Amino acid sequence: MKSAPMSEGQGLRIAVVGSGPAGFYAAEALLAAGAEVDVVERLPTPFGLVRFGVAPDHPKIKQVCQTFTEIAGHERFAFFGNATLGRDVTLAELRALYDAVVVASGASRDRRLGVPGEDLPGSWSATDFVSWYNGHPDFRDRVFDLSGEAAVVLGQGNVAIDVCRMLATSPDALRRTDICAHALEQLAESRIREIHLVGRRGPAQAKWTAKELRELGALPEADLVHDPDDLALGAACAAELADPRGARAAQSLRILRASPSGARTRPKAIHLRFNLRPRAFEGEAKVERALFDRCRLSGAPFAQTAEPTGETVAIEAGVAFRSVGYRAAPVDGAPFDARSGAIPHERGRVRDGDAPARGLYVAGWIKRGPSGVIGDNRACSLETVETLLADFAGAPSSAPGRDGLRALFAGRGVRTVDFRAWTRIDEAERRAGAAIGKPREKLTSVEAMLEAAANGQPAPA
């Protein structure tokens, strides 16, 4: 999909809510079309999922931030960090100030299992754990009890694999990454040796990538263990793997079939468990075990369901991490489909019932649901921008835009962070990391970020 011609957006003033990949890709396309773009972000730091969702041992994925930084350097781009939608400015106010608003605020809430014991201490969403070790200010004070020998990770996607890898990687290896100090300290004290990665369906339905699976099998501290019987698939699964839609799963299955199934030569083990549907978490005062229904798959290819066989499987574990999907949070002032966990739209144009919401658009996970990798957000955002530009073709702008937003924030005493101030935060983190042999030491409180934004140095902890 090509960027829109320069003339199509000439003079338009657009606000983008959210500074993750979808927000930056939308900004890139809008700038290329001639628009002025202001990105509004709740935290003082940009980059969203890349900063707070990508695992510390995946630095190459984070290199996309260089592209986003180049976008932010455009003369018609402005960043308003530390500005919360609904608290510091409402969506209605943004719609009044700008020709159009693109909501790209992501999907940060985890989906729940809805089983007994899910709220016991020791039962965590993967979102909490990932955000904690990546230094998100909202999660920095979490305390995870890793004193037991076993952990259960529920899910068959890349995030579930990330959680397993963080639990199985040695502290010495993590010290060379940008993992936060508070997380490294707790993980260094971890006594977990047995990690059970559990999926409701079989290996043919797993959503992880072959790259992530290979990394799991290459960990120097942990063996990857599976039951060869789990790799014996029925006709419907074979049909899925033969279909182009099943190419990724077929590649993963080849990796599993070529790997040793039960050898134990390392101090830790990651056990791949399939066809187990969560039934409950049990324990006196915290999680002590997870109960599952053994299942068999039934149905046509790509429509198989997990049917209980009547057998119960118990896994003794002192901590559990749930990674079974994400949902977007409703945005005050925008319609929201609770069933899909996203904002209803047509090619990115928000729909309020049967009618379009004039000047309101959506991009990223809050548009299409939590699917795909970071790069997939570009096509998603380009589609939205094309729709927006077609709606405003030839329409002159009379919106106050940036000047109006600055005046609003000034009148309310909102201490926003522009992109130049973010670079001071970035430089402070890099200096702190270089002193201890890390790429950066992230600031994990908003107060420290604001101090570094103003002075180049964080406030004392």
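Residues numbered from 1 in each chain as written. Predicted model: local features only at pLDDT ≥ 70, side-chain atom pairs only at ≥ 80, totals over all residues. Heavy atoms only, no water.

1. A short note on the pairing of strand 4 (residues 100-103)
When a strand is regular, its side chains alternate between the sheet's two faces. What you see with strand 4 is no split at all: Ala100 and Val102 on one side and Val101 and Val103 on the other are buried throughout. Where strand 1 (residues 13-17) meets strand 4, 4 bridges bridge the pair, whose relative direction is parallel. Residue Val16 lies in a different strand from strand 4, and its bridge partner there is Val102. Here strand 4 runs beside strand 18 (residues 355-362); their pairing, made up of 3 bridges, is parallel. In the sheet register, Val103 faces strand 18, and the bridge partner there is Val362. (Buried < 20%, exposed > 50% of the residue type's maximum accessible area, 1.4 Å probe, protein only. Helix = DSSP H or I, 4+ residues; strand = E, 2+ residues; numbered from the N terminus. Pairing = 2+ DSSP bridges.)

2. Thoughts on the sheet that holds strand 7 (residues 150-154)
Strand order in the open sheet formed by 6 strands is 6-14-7-8-10-9, with parallel pairing between adjacent strands. Strands at the two margins of the open sheet, each flanked by one partner only, are strand 6 (123-125) and strand 9 (222-226). Recorded for the sheet is a direction-independent mean angle of 20 degrees between the axes of neighbouring strands. Two strands pair when backbone bridges link them, and strand 7 and strand 8 (residues 194-198) are joined in this way by 5 bridges, in the parallel orientation. From the neighbouring strand, Val153 faces strand 8, where its bridge partner is Leu197. Relative to strand 6, helix 5 (residues 126-133) is tilted by about 70 degrees, and along the sheet it contacts strand 6 and strand 14 (319-322). This element, helix 9 (residues 210-217), spans strand 8, strand 9 and strand 10 (268-273) of the sheet and lies at about 120 degrees to strand 9. (Axes fitted to C-alpha atoms, helices over the stretch in contact; angles between N-to-C directions. Contact = heavy atoms within 4.5 Å.)

3. Some words on the packing of helix 1 (residues 21-32) against helix 13 (residues 376-391)
One can describe the packing of helix 1 onto helix 13 by two numbers: an axis separation of 8 Å at closest approach and a directional angle of 45 degrees. With respect to their mutual orientation, helix 1 and helix 13 come out oblique. As helix 1 packs across helix 13, the resulting crossing turns out to be right-handed. From helix 1, Pro21, Ala22, Tyr25, Ala26, Glu28, Ala29 and Leu30 reach across to helix 13, where they touch Asn377, Arg378, Ser381, Leu382, Val385 and Leu388. Looking at side-chain class alone, the contact of helix 1 with helix 13 contains 9 nonpolar, 2 polar and 2 charged residues. (Parallel < 35°, antiparallel > 145°, perpendicular 65-115°, else oblique. Left-handed = near helix turned anticlockwise from the far one by under 90°. Nonpolar A, V, L, I, M, F, W, Y, C, P; charged D, E, K, R; others polar.)

4. So, helix 6 (residues 158-168)
Counting buried positions along helix 6 gives 9 out of 11 residues, so the element sits mostly inside the fold. Regarding helix 6, the residues found buried are Ala160, Ile161, Asp162, Val163, Cys164, Arg165, Met166, Leu167 and Ala168.

5. Remarks on the packing of helix 5 against helix 6
Contact geometry of helix 5 with helix 6 gives a least axis separation of 10 Å together with a crossing angle of 55 degrees. Between helix 5 and helix 6, the interaxial angle falls into the category oblique. For the pair helix 5 and helix 6, the crossing hand works out as left-handed. Here Ala126, Phe129, Val130 and Tyr133 of helix 5 come into contact with helix 6, specifically with Val159, Asp162, Val163, Met166 and Leu167. Split by residue class, the contact of helix 5 with helix 6 holds 8 nonpolar, no polar and 1 charged.

6. Structural notes on the packing of aromatic side chains
Aromatic ring pairs are reported here in terms of the distance separating the ring centres and the angle at which the planes meet. Following the criterion strictly, the structure yields 18 aromatic pairs and no others. Taken together, a centroid distance of 5.8 Å and an interplanar angle of 20 degrees make the contact between Phe24 and Phe77 stacked. Placement of Phe24 in helix 1 and of Phe77 in strand 3 (residues 77-80) is noted, with a sequence separation of 53 residues between them. As far as burial versus exposure is concerned, Phe24 and Phe77 are alike and both buried. Ring geometry for Phe77 against Phe419: centres 6.5 Å apart, planes inclined by 90 degrees, an arrangement best described as edge-to-face. Of this pair, Phe77 sits in strand 3 while Phe419 is found in helix 15 (residues 419-434), placing the two residues 342 residues apart along the sequence. The exposure class of Phe77 is buried, given its relative accessible area of 7%. Counting every residue linked through ring pairs, the aromatic cluster contains Phe24, Tyr25, Phe47, Phe68, Phe77, Phe79, Phe419 and Trp422. (Phe/Tyr/Trp six-rings, centres within 6.5 Å; stacked < 30°, edge-to-face > 60°.)

7. Observations concerning the environment of Val414
Residue placement: Val414 occurs in the loop between helix 14 (402-412) and helix 15. Take Val414: its relative accessible area is 16%, and that puts it in the buried class. Along the backbone, Val414 and Thr84 are 330 residues apart, and their C-alpha atoms lie at a distance of 9.5 Å. With sequence-adjacent residues up to four places away left out, Val414 is seen in contact with Asn82, Asp88 and Phe409.

8. Things to note about the environment of Arg289
One can find Arg289 in strand 12 (residues 289-298). Look at Arg289 and you get partly exposed, because its relative accessible area is 23%. Here Arg289 is in contact with Ala280, Phe281, Glu282, Gly283, Ile315, Glu316 and Ala317, once residues within four sequence places are set aside.

9. Considering the confidence of the model for the protein chain
Confidence in the prediction of the protein chain, expressed as mean pLDDT, is 93, and 97% of residues score 70 or more. Note on residues 1-6: pLDDT under 50 across the span, and 18 contacts to partners over four residues away in sequence or across chains. (pLDDT = per-residue confidence, 0-100.)

10. Observations concerning unusual backbone geometry
Even without being a glycine, Asn82 presents a positive backbone phi close to 65 degrees. Inspection of the secondary structure puts Asn82 in the loop between strand 3 and helix 4 (91-97). Classification of Asn82 by relative accessible area gives buried; the value is 10%. We note that Phe302 has phi near 65 degrees; this positive angle belongs to a residue other than glycine. Relative to the helices and strands, Phe302 resides in the loop between strand 12 and strand 13 (305-316).

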